[in-house]
Amino acid sequence: NAGVMQNPRHLVRRRGQEARLRCSPMKGHSHVYWYRQLPEEGLKFMVYLQKENIIDESGMPKERFSAEFPKEGPSILRIQQVVRGDSAAYFCASSLDYKETQYFGPGTRLLVL
Amino acid sequence: SQQGEEDPQALSIQEGENATMNCSYKTSINNLQWYRQNSGRGLVHLILIRSNEREKHSGRLRVTLDTSKKSSSLLITASRAADTASYFCATDRQGAQKLVFGQGTRLTINP
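The structure reproduced in this document is the subject of the present report. Worth saying up front: this structure is predicted, and the values here are computed from it rather than measured. (Residues numbered from 1 in each chain as written. Chains lettered and ligands numbered in written order. Predicted model: local features only at pLDDT ≥ 70, side-chain atom pairs only at ≥ 80, totals over all residues. Heavy atoms only, no water.)

What follows deals with the pattern of salt bridges. The final tally for this structure, using the stated rule, is seven salt bridges over all chains. A salt bridge links Asp86(A) to Arg64(A), with the nearest nitrogen and oxygen atoms 2.7 Å apart. Remark: Arg64(A) occurs in the loop between β6 (53-56) and β7 (65-68) and Asp86(A) occurs in the loop between β8 (75-79) and β9 (88-95); sequence separation between them is 22 residues. Overall, the relative accessible area of 2% leaves Asp86(A) in the buried class. Of the residues examined, Arg64(A) reaches a relative accessible area of 26% and is grouped as partly exposed. Among the salt bridges present, the one from Glu53(B) reaches Lys56(B), with a minimum N-O distance of 3.8 Å. With relative accessibility at 25%, the residue Glu53(B) sits in the partly exposed group. (Salt bridge = Lys/Arg side-chain N within 4 Å of Asp/Glu carboxyl O. Helix = DSSP H or I, 4+ residues; strand = E, 2+ residues; numbered from the N terminus. Buried < 20%, exposed > 50% of the residue type's maximum accessible area, 1.4 Å probe, protein only.)

A word on the state of the cysteines. Within this structure, the stated rule accounts for two disulfides over all chains. Bridging Cys23(A) to Cys92(A), the disulfide has an S-S length of 1.7 Å. Here the S-S torsion is close to -50°, and the disulfide linking Cys23(A) with Cys92(A) is therefore left-handed. Here Cys23(A), found in strand β3 (residues 19-24), pairs with Cys92(A), found in strand β9; they are 69 residues apart in sequence, far enough to count as distant. With a sulfur-sulfur separation of 2.0 Å, Cys23(B) is cross-linked through a disulfide to Cys89(B). Handedness of the Cys23(B)-Cys89(B) disulfide follows from its S-S torsion of about 65°: it is right-handed. Linking Cys23(B) in strand β3 (residues 19-25) with Cys89(B) in strand β9 (residues 85-93), this pair joins segments that are 66 residues apart in sequence. Across the pair, Cys89(B) and Cys23(B) agree in class, each one buried. (Disulfide = S-S within 2.5 Å.)

A separate point is the side chain of Thr105(B). All names here are of chain B. Tracing the backbone shows threonine 105 in strand β11 (residues 105-110). Here threonine 105 falls in the buried class, since its relative accessible area comes to 0%. A distance of 2.5 Å separates the side chain of threonine 105 from the backbone oxygen of proline 8, its partner in a polar contact. Not counting the four nearest positions on each side in its chain, threonine 105 is found in contact with Glu6, Asp7, Pro8, Gln9, Leu11, Met21, Ala85, Ser86 and Tyr87. (Polar contact = N/O pair within 3.5 Å; in protein donor to acceptor, adjacent residues only side chain to side chain. Contact = heavy atoms within 4.5 Å.)

In this section: the pairing of β11(B). All names here are of chain B. Taking every second residue as pointing to the same face, the buried face of β11 carries Thr105, Leu107 and Ile109, while none of Arg106, Thr108 and Asn110 on the other face is buried. Relative to β11, strand β2 (residues 10-14) runs parallel, the two being bridged by five bridges. Residue pairing across strands places glutamine 14 opposite asparagine 110, the latter belonging to β11. Alignment of β9 against β11, held across three bridges, turns out to be antiparallel. Paired with tyrosine 87 across the strands is threonine 105, a residue of β11. (Pairing = 2+ DSSP bridges.)

Each side of the interface is counted separately: chain B has 20 residues, and chain A has 21 residues. Here chain B and chain A share an interface that buries about 1,600 Å² over both sides, 49% of which is from carbon and sulfur atoms. When residues of chain B are sorted by the area they lose upon contact with chain A, Leu43(B), Gln97(B) and Lys98(B) head the list and together hold 34% of the total. Counting across the chain B and chain A interface gives zero salt bridges. Scanning the region where chain B abuts chain A turns up six residue pairs in polar contact (both at pLDDT 80 or more). At the level of secondary structure, the elements contributing two or more residues to the side of chain B that touches chain A comprise β4 (29-37) and β5 (43-50) of chain B. (Buried area = accessible area lost by both parts, 1.4 Å probe.)

Turning next to the packing of aromatic side chains. Evaluated as defined, the whole model comprises eight aromatic pairs over all chains. Judged by centre distance (4.6 Å) and plane angle (5°), the rings of Tyr33(A) and Tyr48(A) are stacked. One end of the pair, Tyr33(A), is in strand β4 (residues 31-37); the other, Tyr48(A), is in strand β5 (residues 43-50), and 15 residues separate them in sequence. The exposure class assigned to Tyr33(A) is buried, which follows from its relative accessible area of 0%. Centre to centre, the rings of Phe104(A) and Tyr35(B) are 5.2 Å apart; their planes meet at 85°, and the pair counts as edge-to-face. Of this pair, Phe104(A) sits in strand β10 (residues 103-104) while Tyr35(B) sits in strand β4, placing the two residues on different chains. The two residues Phe104(A) and Tyr35(B) agree in class, both being buried. Among the aromatic residues, ring-to-ring pairing joins Tyr35(A), Phe45(A), Phe104(A), Tyr35(B), Phe88(B) and Phe101(B) into one connected group. (Phe/Tyr/Trp six-rings, centres within 6.5 Å; stacked < 30°, edge-to-face > 60°.)

What follows is the structure, given as structure tokens:
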């Protein structure tokens, strides 16, 4: 049973470009969470989704960031017009149910030049 | 403000010694979890302790939870070089699903 998959593992963008981060949850998991980690810091919650629904986006910046988890396919975290401050590691986690353990993917490290 | 805060921020011990890390939090929780992160890698789930539990063991790991003091500790016994990593506690509050992480404890095991 494969774990949580994220791609790409590393992404380099220039300021103003768009970044698309993908997350495939563990098999059977329908709850997906996105977190961001700045260097030398803990993870900060961004958004919680179930299939086709955003449940909690209280950690998402108001502008440029969006997330989706379609009926088919991976969850996507999209960052438009990236700025240097968006450089961070973005982790996706999935769980079987909302009260269950969240299992994390390897992360996507975004570098904005 | 941070829900979970680990203490100490960094810990360096000799291989074979025990390592103890503490975590404090501010609000009522459902569960408290400990994760390990090797440098530049993802998070590995170590152990989950529910709010109605006081102690839990998993191999060389022992976790305690004191809800009256809003604190938890992670003990790693007979440490190994491979235990070198950052350790994070994460809490989920009642009625919410998101995890709130502390800043982490950076553990170094010296051979």
